[in-house]
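# Structure assessment
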Amino acid sequence: TTSNVRIFHLTPAQDCKYITYASFAKDLAVMPNILIVDDHFDTCDTLRRLFQRSGWSAACLTDASEAPERLHHFHADVVLLDVMMPDMDGFGVLAAIRADPQIARTPVIMYSALSDEKTRHRAEAAGASDYVVKGTPFSQIEECVSGYVS
């Protein structure tokens, strides 16, 4: 079978400390919403800023265990989810999202420094919509993510 999971590269992540949210509430109705989940604040915040500059409403969450609950309130059109995180990894978050009927259909794009086929196939089997490898240019990440927004 042909896989619709693509592999891209993003720059390496750095340490993070807190959560940042979009401040443009009045534009939420017309802007696509993305929830970025990464335990490295610098990576999360950089992606958030890049998506906002491209016309997205973006929220950045550094505590993976809060992601499923946050989806109920943020109403993201798509989630960009790191794989390797402390406490709860991306696969645990993805399982929680897919098990919740209210958010189970939300597209989840996993991204990671792991570029091996085993991890990619594991993400696909777990229900990931797509897979992006850290080091990918932002334009390709945005193109990938945009494909899941109607």
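Residues numbered from 1 in each chain as written. Predicted model: local features only at pLDDT ≥ 70, side-chain atom pairs only at ≥ 80, totals over all residues. Heavy atoms only, no water.

### Some words on the overall build of the protein
Definition in use: We count a stretch as a helix when DSSP gives it H or I for four or more residues in a row; a strand needs E for two or more, and each element gets its number in order from the N terminus. Each residue gets one of three labels from its accessible area relative to the maximum for its type: buried under 20%, exposed over 50%, partly exposed in between, using a 1.4 Å probe on protein chains only. Using the Shrake-Rupley algorithm and a 1.4 Å probe, accessible areas are obtained, with residue cover drawn only from the displayed protein chains.
Across its full length, the protein holds five helices and five strands. Listing each helix as α and each strand as β along the protein from the N terminus yields β-α-β-α-β-α-β-α-β-α. For the protein, buried positions account for 48% of its 150 residues. Looking at the protein as shown, the accessible area adds up to about 7,600 Å², and 51% of this sits on carbon and sulfur atoms.

### Describing the side chain of Asp38
Here is the rule we go by: In protein, a polar contact means a hydrogen-donor-capable atom and an acceptor-capable atom, both N or O and within 3.5 Å, with residues adjacent in sequence counting only if both atoms are side-chain atoms; elsewhere, any N or O pair within 3.5 Å suffices.
In this structure, Asp38 sits in the loop between β1 (33-37) and α1 (41-53). Overall, Asp38 belongs to the buried group, its relative accessible area being 0%. A polar contact of 2.8 Å, which involves the side chain of Asp38, links it to the backbone nitrogen of His40. Only 2.5 Å separates the side chain of Asp38 from the side chain of Tyr111, close enough to count as a polar contact.

### Things to note about the state of the cysteines
Note the cut-off: Here, two cysteine sulfur atoms that lie within 2.5 Å of each other are counted as a disulfide.
Counting across every chain of the model gives one disulfide. Residue pairing for Cys44: its cysteine sulfur links by disulfide to Cys60, the two sulfurs lying 1.9 Å apart. Of this pair, Cys44 sits in helix α1 while Cys60 sits in strand β2 (residues 57-61), and the two are 16 residues apart along the sequence. Side by side, Cys44 and Cys60 carry an identical accessibility label, which is buried.

### A look at the packing of helix α2 (residues 67-74) against helix α3 (residues 90-99)
Keep this limit in mind: Between N-to-C directions, angles cover 0 to 180 degrees, with each direction set by a line fitted to C-alpha atoms, over the stretch in contact for helices. Roughly parallel here means an angle under 35 degrees, roughly antiparallel means over 145, roughly perpendicular means 65 to 115, and every remaining angle is called oblique. Every residue pair with non-hydrogen atoms within 4.5 Å of one another is taken to be in contact. Put simply, Ala, Val, Leu, Ile, Met, Phe, Trp, Tyr, Cys and Pro go in the nonpolar bin, Asp, Glu, Lys and Arg in the charged bin, and everything else, Gly too, in the polar bin.
The contact between α2 and α3 brings their axes to 9 Å, and the two run at 50°. Regarding the angle of α2 to α3, the classification is oblique. Only Val93, Ala96 and Ile97 of α3 make contact with α2, whose side of the interface consists of Ala67, Pro68 and Leu71. Residues belonging to the contact of α2 with α3 are distributed by class as follows: six nonpolar, no polar and no charged.

### As for the packing of α3 against helix α4 (residues 117-126)
This is how it is decided: By definition, any crossing whose near helix is turned counterclockwise from its far helix by less than a right angle is left-handed, and any crossing with a clockwise turn is right-handed.
α4 packs onto α3 with a crossing angle of 15° between their chain directions and a minimal axis gap of 10 Å. Judged on the interaxial angle alone, α4 and α3 are roughly parallel. In the crossing of α3 with α4, the sense of the turn from one axis to the other is right-handed. Contacts between α3 and α4 involve Phe91, Leu94 and Arg98 on the former and, on the latter, Thr119, Arg122, Ala123 and Ala126.

### Here's the deal with the nonpolar core
Note the following rule: Residues grouped as a nonpolar core are buried Ala, Val, Leu, Ile, Met, Phe, Trp, Tyr and Cys residues, joined through side-chain atoms within 4.5 Å.
Core analysis: the biggest nonpolar cluster contains 24 residues, and Leu35, Val37, Leu71, Val79, Leu81, Val108 and Met110 have the highest contact counts within it. Counting only elements with at least two residues in this core, the list comes to β1, β2, α2, β3 (78-82), α3, β4 (108-112) and β5 (130-133). Setting aside residues up to four positions removed in sequence, Leu35 forms contacts with Ala59, Leu61, Ala67, Arg70, Leu71, Phe74, Ala76, Val78, Val79 and Leu80. By size, the runner-up hydrophobic cluster in this structure holds 17 residues, among which are Trp56, Val132, Phe138 and Val145.

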